[in-house]
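What follows is the residue order along each chain.
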Amino acid sequence: MLRRPILIIVLVLLAGSWAFPPRSAARPTPAGETVVLQLPWPYQFSAAGFVAAAEKGFYAREGLNVVIREGLPGRPVSQVMAGHAQYGVSTSALLYYRVTGKPLVVVAPLFQKSPFVIVSLRESGITKPHDLAGRRIMTGTPETSAEALAMLHNEGISPVLVRRIPRPGTIDDLTSGRADAIVACQVNELPAIDRERSRFNIITPGHYGIDFYGNVIFTSHQELKEHPERVAAFRRASIAGWEYALNHPDELIERLVRRASTERGRDRAYLARQAMIIKQLTLHDIVELGHNNPDRWRHIGDTYASLGMISPDHSLTGFLYDPNPPRFSWNHWGVRLAASICVLVLSAALVMLVTNKRLAREVGERRRAEDELARYRNHLEELVEERTNALMEKSEELVNAISERRQIKAKLLQNEKRLTRLSQYDPLTGLPNRLLLRDRLEHAIERSSRSGKTVALLFMDLDRFKKINETLGHEAGDRLLREMARRLKSFVRRSDTLGRFGGDEFILVLEQIEDFRFIAVMARKTLESLAAETQLDGQQLFVTASIGISVYPVDGSDAETLLKCADTAMYRAKGLGGNCYQLYEHRMNARAHELLVMESSLHKSLRAGELRLFYQPQVDLATGELIGMEALLRWQHPTRGLVLPGEIIPIAEDCGLIVPIGEWVLRTACRQLKELQQHCGTAVPVAVNVSSRQFVKTDLVDTIARTLHETGLPPRLLEIEITESMIMHDLDAALAILSELRRMGVRIAIDDFGTGYSSLSHLKHLPISRLKIDRSFVRDVATNANDAAITGAVIFLARTMGLEVIAEGVENAAQLDFLMRNGCILGQGYLFSPPLPVDELVTFIHGRCDSAATALAVLQAFADGRLAAGNEEWDGQG
Ligand SMILES: Nc1nc2c(ncn2[C@@H]2O[C@@H]3COP(=O)(O)O[C@H]4[C@@H](O)[C@H](n5cnc6c(=O)[nH]c(N)nc65)O[C@@H]4COP(=O)(O)O[C@H]3[C@H]2O)c(=O)[nH]1
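For the chain, an unreviewed UniProt entry supplies the name EAL domain-containing protein and the organism Geotalea uraniireducens.

Visitor: Is there a simple way to explain the overall build of the chain in this structure?
Guide: Looking only at helices and strands, one finds 32 helices and 27 strands in the chain. Sorting the 878 residues of the chain into buried and exposed places 48% on the buried side. Partitioning the contacts of the chain with sequence separation of at least 6, the portion at a separation of at least 24 is 75%. For the chain, the accessible area works out to roughly 43500 Å², and carbon and sulfur atoms hold 54% of it.

Visitor: Just to check I follow, could you spell out the confidence of the model for the chain for this structure?
Guide: Close inspection of predicted coordinates is inappropriate in any region flagged by low pLDDT. Averaged over the chain, the pLDDT score is 84; the fraction of residues at 70 or greater is 89%. This model gives residues 21–30 a pLDDT under 50, and the stretch forms 19 contacts once residues within four places in sequence are excluded. The low-confidence segment residues 849–878, where pLDDT is below 50, has 43 contacts with residues more than four positions distant or belonging to other chains. Confidence metrics for the complex model read pTM 0.43 and ipTM 0.95.

Visitor: So what exactly am I meant to see when it comes to the nonpolar core here?
Guide: Proteins that are soluble and globular tend to have nonpolar side chains buried together. Core analysis: the biggest nonpolar cluster contains 101 residues, and Leu37 and Phe50 have the highest contact counts within it. For this core, the element with the most residues is helix H10 (residues 228–247), which contributes 10 residues. Both domain 1 (24–113 + 212–306) and domain 2 (116–208) contribute no fewer than three residues apiece to this core. Residues contacting Phe50, with those up to four places away along its chain left out, are Leu37, Leu39, Tyr59, Ile68, Val89, Leu110, Ile217, Ser238 and Trp242. The next biggest cluster of nonpolar side chains, apart from the first, holds 79 residues, and it includes Leu602, Trp664, Ile720 and Ile795.

Visitor: What's the story with the pairing of strand S11 (residues 454–462) in this structure? I'm lost.
Guide: Both faces of the sheet carry side chains from a regular strand, because those side chains alternate between them. With respect to burial, S11 is a largely interior element, 9 of its 9 residues being buried. Of the two faces of S11, the one carrying Thr454, Ala456, Leu458, Met460 and Leu462 and the one carrying Val455, Leu457, Phe459 and Asp461 are both buried. Looking at chain direction, S11 and strand S13 (residues 505–513) are connected through 7 bridges and run antiparallel. From the neighbouring strand, Leu457 faces S13, where its bridge partner is Val509. Here 8 bridges tie S11 to strand S16 (residues 545–552), and the two strands are oriented antiparallel to one another. Within S16, the residue paired with Phe459 across the bridge is Gly548.

Visitor: Could you clarify how one ought to interpret the sheet that holds strand S1 (residues 33–38) in this entry?
Guide: Within a sheet, each strand pairs with its neighbour through backbone hydrogen bonds, oriented either parallel or antiparallel. Read across the open sheet, the 5 strands follow the order S2-S1-S3-S10-S4; overall the sheet is mixed. At either margin of the open sheet sits one strand with a lone partner, and together these are strand S2 (64–69) and strand S4 (104–111). Between one strand axis and the next, the sheet turns by 25° as a mean value, whatever way the strands run. In the sheet, S4 pairs with strand S10 (residues 214–220) via 6 bridges, with the strands oriented antiparallel.

Visitor: Help me out: how do you make sense of the sheet that holds strand S17 (residues 580–583) in this one?
Guide: Pairing in this open sheet of 5 strands is mixed, and the strands run S12-S13-S11-S16-S17 from one edge to the other. Edge strands, defined here as strands with exactly one partner in the open sheet, are strand S12 (497–502) and S17. Recorded for the sheet is a direction-independent mean angle of 20° between the axes of neighbouring strands. Examined bridge by bridge, S16 and S17 share 4 bridges and lie parallel to one another. Bridge pairing in S17 links Ile547 to Tyr581.

Visitor: Whenever I open this one, the packing of helix H16 (residues 465–472) against helix H17 (residues 474–491) confuses me. Can you help?
Guide: The relative placement of two packed helices comes down to the angle between their axes together with the axis-to-axis distance. Relative orientation of the contacting elements H16 and H17 amounts to 135°, with a least axis distance of 6 Å. Judged by the angle between their axes, H16 and H17 are oblique. When H16 is examined against H17, the residues Phe465, Ile468, Asn469 and Leu472 are found in contact with a partner set consisting of His474, Ala476, Gly477, Leu480 and Leu481.

Visitor: How should the site of the ligand be read in this particular structure?
Guide: Near the ligand, the surroundings consist of 21 residues, among which Gln616, Glu630, Arg634, Arg775 and Glu811 are the closest. At a separation of 2.9 Å, an oxygen atom of the ligand approaches a polar side-chain atom of Glu808. In the model, an oxygen atom of the ligand is placed 2.9 Å from a nitrogen or oxygen of the Tyr830 main chain. In the complex, the protein chains occlude 84% of the 790 Å² of accessible area that the ligand would expose alone. Where the shell around the ligand is concerned, the elements lending two or more residues are strand S19 (626–637), helix H21 (645–655) and strand S23 (747–753). When residues of the shell around the ligand are assigned to their parent elements, the largest contribution, 4 residues, is made by S19. Looking at the shell around the ligand residue by residue, the classes come out as 8 nonpolar, 5 polar and 8 charged.

Visitor: I tried to follow helix H12 (residues 268–282) on my own but got confused; where do I start?
Guide: Side chains of residues three or four places apart in an α-helix project in the same direction, reflecting 3.6 residues per turn. End to end, H12 covers 21 Å across 15 residues, agreeing with the expected 21 Å (1.5 Å per residue, within 8%). Tyr270, Leu271, Gln274, Ala275, Ile277, Ile278, Leu281 and Thr282 are the residues of H12 that are buried. As for H12, its buried residues are in contact with S4, helix H8 (186–195), H10 and helix H11 (249–259). Among the residues trailing H12, Leu283 stands out with phi positive, at a value near 50°.

Visitor: Sorry, what's going on with the environment of Leu316 here?
Guide: Residue position: Leu316 is located in the loop between helix H13 (294–306) and helix H14 (333–424). It is 8.3 Å that separates the C-alpha atoms of Leu316 and Arg98, two residues lying 218 residues apart in sequence. Leu316 has contacts with Leu95, Trp297 and Arg298, leaving out every residue within four places of it along the chain.

Visitor: Got a minute to help me understand H21 in this structure?
Guide: Among all positions in H21, only Glu647, Ile648, Ile651, Ala652, Glu653 and Cys655 are buried. Gly656 sits one or two residues past H21 and shows a positive phi near 80°.

Visitor: Explain the pattern of salt bridges here, please?
Guide: Where side chains of opposite charge bring their charged atoms close, a pairing between them can arise. Counted under the stated rule, the structure contains 40 salt bridges. Where Arg135 meets Asp180, a salt bridge forms, and the shortest distance between an N and an O atom there is 3.7 Å. Of this pair, Arg135 sits in the loop between strand S5 (116–121) and strand S6 (136–138) while Asp180 sits in the loop between helix H7 (171–175) and strand S8 (181–185); the two residues are 45 residues apart in sequence, bridging distant segments of the chain. What makes Asp180 buried here is its relative accessible area of 18%. Here the salt bridges share partners, and the residues they tie into one network are Glu55, Lys56, Glu251, Arg255 and Arg259.

Visitor: What is the right way to look at unusual backbone geometry in this model?
Guide: Glycine aside, residues mostly have negative phi angles, and peptide bonds mostly take the trans form. Of note, the bond from Tyr552 into Pro553 is cis; its omega dihedral lies within 30 degrees of zero at 5°. By secondary structure assignment, the location of Pro553 is in the loop between S16 and helix H19 (559–575). Positive phi, normally seen in glycine, also occurs at Asn215, with a value near 45°. Topologically, Asn215 is positioned in strand S10. A relative accessible area of 7% means that Asn215 is categorised as buried. For Gln512, which is not glycine, the phi torsion reads 50° and is therefore positive. Checked against the element boundaries, Gln512 lands in strand S13. Judged by relative accessible area, Gln512 falls into the partly exposed class, the value being 31%.

Definitions and cut-offs
Residues numbered from 1 in each chain as written. Predicted model: local features only at pLDDT ≥ 70, side-chain atom pairs only at ≥ 80, totals over all residues. Heavy atoms only, no water. Helix = DSSP H or I, 4+ residues; strand = E, 2+ residues; numbered from the N terminus. Buried < 20%, exposed > 50% of the residue type's maximum accessible area, 1.4 Å probe, protein only. Contact = heavy atoms within 4.5 Å. Areas by Shrake-Rupley, 256 points an atom, 1.4 Å probe, with all protein chains shown as cover. pLDDT = per-residue confidence, 0-100. Core = buried A, V, L, I, M, F, W, Y, C linked by side-chain atoms within 4.5 Å. Domains from an automatic or database assignment. Pairing = 2+ DSSP bridges. Axes fitted to C-alpha atoms, helices over the stretch in contact; angles between N-to-C directions. Parallel < 35°, antiparallel > 145°, perpendicular 65-115°, else oblique. Near = heavy atom within 4 Å. Polar contact = N/O pair within 3.5 Å; in protein donor to acceptor, adjacent residues only side chain to side chain. Nonpolar A, V, L, I, M, F, W, Y, C, P; charged D, E, K, R; others polar. Expected span 1.5 Å × (residues − 1). Salt bridge = Lys/Arg side-chain N within 4 Å of Asp/Glu carboxyl O.

And the structure:
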């Protein structure tokens, strides 16, 4: 960018240094440059120097062709200003013109002294400036009047006091009386005055401190600006001409005469006088011709200002031509060359500098830009990386989230399926559960309502499953349930629904039944299928079931009712000993209601003191001696009379009353035995039945200990009866409880032995005192080989293990005989005594010898064959 301006500058400088040809005095300015010199007078000696320069070739040598024109005062200024002449001659008034707006330049003052004087007739008496006050003075133009006025001013005479006549005056004006004084130019007027010198007085302003120049060569500012060399040449040639003229006045007078256009101009004497005056005014001997003193010009300016002709703060700048300006001379080729080289070198340096600077700047800018770019790039890369990482993270998160969501969805679906399945199917058997069963039943009812056919609901409950579960454990129970489910599934039709209603309850919904006999067929099939032998943990089981059947639309028109009816019928079947089916009958409802009423009144029974304890004696079979008694619960119901435990215990277990009732039994038995002991001296133990719920309660041991403590009954007189299943349910816990009881001295008997599924190997580790052979074995012991074998084995086993064994339900002599023959020495049963209320027990104890004797008499009679087996059964209720 900068190269072009620099190139232009260099070219301009080079052109400048070579544009102007070198000047020298010896080498004239080429001819043809014509300039006009305007004189303020006709040809007279005032023009001598110019004529000499022109005619002696000084102008020509400077390359100038100078045209000299004659004129009048004032004309040179107007001619030069108008451009008709380039040079002119005037007075110090040039300063006045310059300051008042005419761009004139003083080239060279020729007269160091002003030629103007004030001339008056001698008779006027004007000899000094003060004499001029109030006199008429012809002052002429500003060119001529300034010195006179300045003098008056300096002398303290206000120009106002002088009656100025503003036109040039002559001697004639004085002599004619037109003026008292005239301002006259010595050069013009003095030769004439000289002839009659005594007639005139002359006042010279110079004598009064007015130091103006006279005959000043001038030019225009434009000429100097456009042709400075020409101005210098003109000055040099003109001064040279004047040198010559002053030194050769006669030659010049001749030359002037030849040129003269006026009479005076041809008057050689006049011209000679002029030459003398001029020589004096130039101070040629002491001052160099053309010498220009700026201080004098300043003084002249101040004078004009003091006269009010110009402003006091005027400027003389550019007014004076300096012939020797402090500028470089181009006059030598060497200098120009050197200058050119300098210009070139400097230019080259400048170019290099500028270029370097530019390059440095560009490099800097480029570096900055590159840095910036690098920063941007880095930033961008960081940004891209950051964004990429963020995106990757996000996409990873997204992928993870998607896969997680998929997994969750899959899991949800799975869970949903599982939930659906769980909500509809029994996880153990895979059969429809209670909900789905109900739903299916409702649909079946709906379909049947349309088709007019029958729906049968078979409600099955496995007999004694609870016992199996408690004895063999839940896992075995579960397996058993699965096996039962499998068997049931194997024969039901596809159109029927088999489901598990809960626990050991199964439901079979039979649809589209046309023949009622089909229901019975299915019920029997079910019983047979379940009753088939089952192997569980190496044990042979025979599972039976109780089935209740309800029929749509006979027993009910909705699922709920049908279920209730079938349930009731099932309980009926259970009540009948199980392993059978029962169709629902309406009166069954009444029984269910009765049970409910019983449950609520049992709650009150405890508080109402309606519970009783009966005691059944236990005897030595051989002697009939009372060896103990079993406390048996009774409920003296206000309307129903005496209610047996077979009815009380299930209700109490169901409604949670079994624990408080059990505690009541324990406390009452201990208390009453203690009283018996005190009153009758009876010291046989009392056996108290403990329910499974009581047994698993952790504070059983504490309860017993507290009761013994409270009643004061010795622990050895208390026997706790528990069943096999209670022990097998949690062997370790049972062991801990039983050990603690034994440690206390309490006796432990296993009740209903033989009906459960206890492992004999486990039994031997338990701290038990006695086995009680269940009366179901004793019942047919004399007639059933199996029962006889089992009973015999149990007796043998107990004796082998060092345990007491007592037979329950001994009702007749045959049983007694068998038991005694097989080594059972203790017994309990109606043969000896039914359960007795406590007052009757007292009587029994008192007459025990008689009773025992009676038993023995019976036994004797049996042995003697006087009595047939089974004929002497006692009334169970005593
Ligand atoms: N057929 C027949 N039966 C005889 C004969 N001798 C006695 N019995 C009956 O056999 C049951 C013997 O009691 P269990 O086996 O412990 O069986 C008891 C016992 O397990 C339970 N029980 C009785 N009282 C309580 C009690 O206070 N608490 C608990 N948890 N259960 C009790 O109720 C069951 C039934 O008690 P009970 O109805 O009083 O029935 C008694 C008794 O009346 C006989 O020669 N022939």
